[in-house]
Amino acid sequence: MTETERKLDLLLGDALAENDKLSKANAYLVNATAFALAEVTTLKKRLKYQEDREGHIGTHLPECWTFGPRHYECAIRHINSMTDDGK
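This is a predicted model, so every value here is computed, not measured.

Participant: Before we go on, may I ask you to explain the pattern of salt bridges in this structure?
Facilitator: Where charged atoms from two side chains of opposite charge come close, those side chains can pair. Within the structure shown, the criterion is met by 2 salt bridges. In this structure, the salt-bridge partner of Arg6 is Glu3, at a minimum N-O distance of 2.8 Å. Pair noted here: Arg6 and Glu3 are both in helix H1 (residues 3-54), with a separation of 3 residues, about one helical turn. Arg6 gets classed as partly exposed once you look at its relative accessible area, which sits at 38%. Measuring nitrogen to oxygen at the nearest pair gives 3.4 Å for the salt bridge that ties Asp20 to Lys24. Placement of the pair is Asp20 and Lys24 together in helix H1, with a separation of 4 residues, close to one helical turn. Its relative accessible area of 40% is what places Asp20 among the partly exposed residues.

This is the structure in structure tokens:
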């Protein structure tokens, strides 16, 4: 094997290793992108639900205490009901 062939062989090996590394990084990014897109879809649905729910003043549902500060009293009732069940 000549010196040029040896150098080309080394370069080819380096190129193949780099290609493998980049292929793995690409696969990771594809998976991360798919996960992010699914999360965006979920968040959009939740935002739509939140927007729909905020249009109804005084609406109380099961677990409405999870809706946020407007349902503070509901949260207190929920906590009290959990402690009352344990007695």
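Moving on, there is more to tell.
Participant: I keep staring at the environment of Glu3 and nothing clicks. Help me out?
Facilitator: On the accessibility criterion, Glu3 (44% relative accessible area) is partly exposed. A distance of 2.8 Å separates a polar atom in the side chain of Glu3 from a polar atom in the side chain of Arg6.

Here is what the cut-offs are and how they apply
- Residues numbered from 1 in each chain as written.
- Predicted model: local features only at pLDDT ≥ 70, side-chain atom pairs only at ≥ 80, totals over all residues.
- Heavy atoms only, no water.
- Salt bridge = Lys/Arg side-chain N within 4 Å of Asp/Glu carboxyl O.
- Helix = DSSP H or I, 4+ residues; strand = E, 2+ residues; numbered from the N terminus.
- Buried < 20%, exposed > 50% of the residue type's maximum accessible area, 1.4 Å probe, protein only.
- Polar contact = N/O pair within 3.5 Å; in protein donor to acceptor, adjacent residues only side chain to side chain.

Don't take any of this as a statement about function, it's just geometry.
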